[in-house]
Amino acid sequence: MCGIVGYVGERRAAPLLLDGLRRLEYRGYDSAGLAMVTPLSPDGPGKGYGLDVIRRVGFVAELVKAVPEDLPGCTGVGHTRWATHGGVTEINAHPHVDAVERIAVIHNGIIENFASLRAHLEEEGVEFRSETDSEVLAHLIRKFYAGDPVEAVRSALAVVTGTWGIAVVFADHPEMIVASRNGSPLVVGKGDGETFLASDPHALASYTRSIVYLEDREIVKITREGWEISRLDGRKVSHAIEELGLELGSSEKGTFPHFMLKEIHEQPESLSRCLLGRVVPETGGAKLGGFDLSPREIVGIRRLGILGCGTSFHAGLVGALAMEQLARLPAFAEIASEFRYRNPVISSDDLFFAISQSGETADTIGAVQEAQTKGGRVMGVVNVVGSTIARTCARGVYVHSGPEIAVASTKAFTSQVAALLVASLMFGRSRMLGPAEGRAFGEDLLGVPERMRGWLETYGMAHTGPIVDAVELLIKARFVFFLGRGVSAAVAMEGALKLKEVAYIPCMSYPAAEMKHGPIALIDKQTPVVAIVPDDVMRDKTLSNVQEVRARGARVILIHTEGDHEAARLAEVAIPVPRASALITPLLSVLPLQLFAYRAGLALGRDIDRPRNLAKSVTVE
Ligand code: GLU
């Protein structure tokens, strides 16, 4: 969600900023803009500097068209906005400038007290141009500016509440950017005689790999030579430079038409990476070094809460069931945005997992802080190395799915589920699980990437067959039901979410037996029902529920275990998936659902990798 890039150096900044913004496009946004510090006269800087601000609604491509190729200026900042306050218009797009247009600000996040700040500033005679919360920052910085940019920004932020990643340029200081973060990530990158800024290291990967992550409530002065970081309260700090991992480089589409399809097909490898060295068949157990928990500590845990949003929450639902089954540890999954505000009861022997692909999900970060405030112990289950959740939790597990660029998550989901299954096995062995059971489960898990590969080879690209038939039914539907029970209820939720996100088809998901308590009233002769019915203890019960919707005319698309012909016979379209033990089935049964969303989105002409209104990492509440 929303992106920031900045550059101070010797090169012309505009092309670098536009390139950086393009690399952040996958995060989702609705408008883009940049501000350059440029000489006032074409003859050079003799007459001083001014600001050039260019903004456009829509994709970065629109901004590229609007920026003159020879736009001068070696200092600048660029932004992609995901609107929270005020419509998607050019005037609301960032950067925002002060009244005399000598200070320009870009902002990620939300200024919560903007209304009262705006009212005060208006009383003082300031005229606002936009409807955004962010514009107050430009006017506040102007108000406090007395020649020192860092002090002006520091003073402005002292009266602000909310979340921000901001970058500010000053026409009076043509070789400087001032930036600060609070709840919205920023990294500074070191070049040779040039310095970069970004909200996501992806934007910098082709320019520098030496970066520094800012912490919350820090402010940085960036110049060509480097940077100076201090806390907003004035204390000086210094951070060691970190080297960006190589993984970041591989975010190219290759031969696939869309990132989503590429990422669906990458799952055998991403899953292998997640399991590598962690499942230990010799002991029947598992090892997650990042947890740093001794068996004695694992035995002492009384309850596990798994916190996440969207797809990560669905992975959490599978994880909670697995933890109860394998480790007999009371466990629940909860939507992070609800958890953080319900004043939850937490005790010191509670453990929490915070799941987030990006590690920057604002709602999940809030939930982590709430759990920590109340004395709970929190471990991160994240993909992006060095992200806020990874660093806030200090302990945790990286799911290693590699860069996930498509907004709709696929490979991160399967890696999250796998990481939680590995954790359940590890906890299980210290609590309830014998070596033979543990070994059987571990070996089953290690065999999944190969089964996934075989399934994707058969169905992943096929132009005919059950996936195509199912998509035919789905794209004509007014709405679709997804049903499952046990872990498959979570898979049903994930399948429905994917189809909503990518194809914009209204969907509902229910634990199958819930249908008769109300939702079944919606079924008519046209309604497709996707039922996930692996051959587990819930199979017969779920098949009865499938019969109930069939009796009312539903068109059943059924995901079943290979060889289960009896189940297949109940369906208009039957899709087999390889056999696996019950808790592992989500890793396989979700594959057809991912393809449904992709293919339906394609058939309906949707923007597959960047669905409308969505953002990859949801960094606002
Ligand atoms: N709240 C700001 C706005 O609506 C910033 C949104 C963002 O993070 O992109 O303009």
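Since the structure is predicted, the reported quantities are computational estimates derived from the model, not experimental observations. Here the residue index of a chain counts from 1 through its sequence in written order. Predicted model: local features are reported for residues with pLDDT of at least 70 only, side-chain atom pairs are reported and counted for 80 or more only, and whole-chain, interface and lining totals are derived from all residues. Each side-chain value is worked out from all heavy atoms of the structure, with water and hydrogens disregarded.

## A look at the pattern of salt bridges
Here comes step 1: A side-chain nitrogen of Lys or Arg and a carboxyl oxygen of Asp or Glu constitute a salt bridge if their distance falls within 4 Å. According to the stated counting rule, one finds 42 salt bridges in the structure shown.
Here comes step 2: The partner of Asp 524 in a salt bridge is Arg 478, and the shortest N-O contact between them spans 3.4 Å. In this pair, Asp 524 is assigned in the loop between β24 (507-511) and β25 (528-533) and Arg 478 in the loop between α16 (466-475) and β23 (480-484), connecting sequence segments 46 residues apart.
Here comes step 3: Relative accessibility decides the category of a residue: with a 1.4 Å probe and only protein chains considered, values under 20% of the type maximum give buried, values over 50% give exposed, and everything between is partly exposed. Residue Arg 478 is classed as exposed on the basis of its relative accessible area of 63%.
Here comes step 4: Note that Lys 498 and Glu 494 form a salt bridge whose closest N and O atoms lie 2.7 Å from each other. Here Lys 498 pairs with Glu 494, and both are found in helix α17 (residues 487-503), just four residues apart, close to one helical turn.
Here comes step 5: You can call Glu 494 buried: its relative accessible area is 1%. We count a stretch as a helix when DSSP gives it H or I for four or more residues in a row; a strand needs E for two or more, and each element gets its number in order from the N terminus.

## Some details on the sheet that holds strand β18 (residues 303-308)
Here comes step 1: The five strands lie next to each other as β19-β18-β20-β21-β22, forming an open sheet whose pairing is parallel. Every other strand in the sheet has two partners, leaving β19 (331-335) and β22 (396-398) as the edge strands with one partner each. Between one strand and the next, the sheet's axes are offset by a mean angle of 15°, whatever the strand orientation.
Here comes step 2: Any two strands are treated as partners once DSSP identifies two or more bridges connecting them. Sheet topology places β18 next to β19; five bridges connect them, and they run parallel. By the bridge assignment, Gly 305 is partnered in β19 with Phe 332.
Here comes step 3: Lying over the sheet, helix α11 (residues 362-373) contacts β18, β20 (350-356) and β21 (377-382), oriented at roughly 165° with respect to β20.
Here comes step 4: Any two residues having at least one pair of non-hydrogen atoms within 4.5 Å are treated as being in contact. Angles run from 0 to 180 degrees between N-to-C directions of axes, and those axes are lines fitted to C-alpha atoms, restricted for helices to the stretch in contact. Contacts from helix α13 (residues 411-431) reach β18, β20, β21 and β22, with the element oriented near 160° to β20.

## Points about the environment of Leu 71
Here comes step 1: The residue Leu 71 is located in the loop between α2 (60-66) and β4 (75-81) in this model.
Here comes step 2: For Leu 71, a relative accessible area of 5% puts it in the buried group.
Here comes step 3: Placed 56 residues apart in sequence, Leu 71 and Pro 15 show a C-alpha to C-alpha distance of 9.0 Å.
Here comes step 4: Residues within four places of Leu 71 in sequence aside, it is in contact with Arg 12, Ala 14, Leu 34, Met 36, Asp 52 and Ile 54.

Nothing here speaks to function; it is all geometry.
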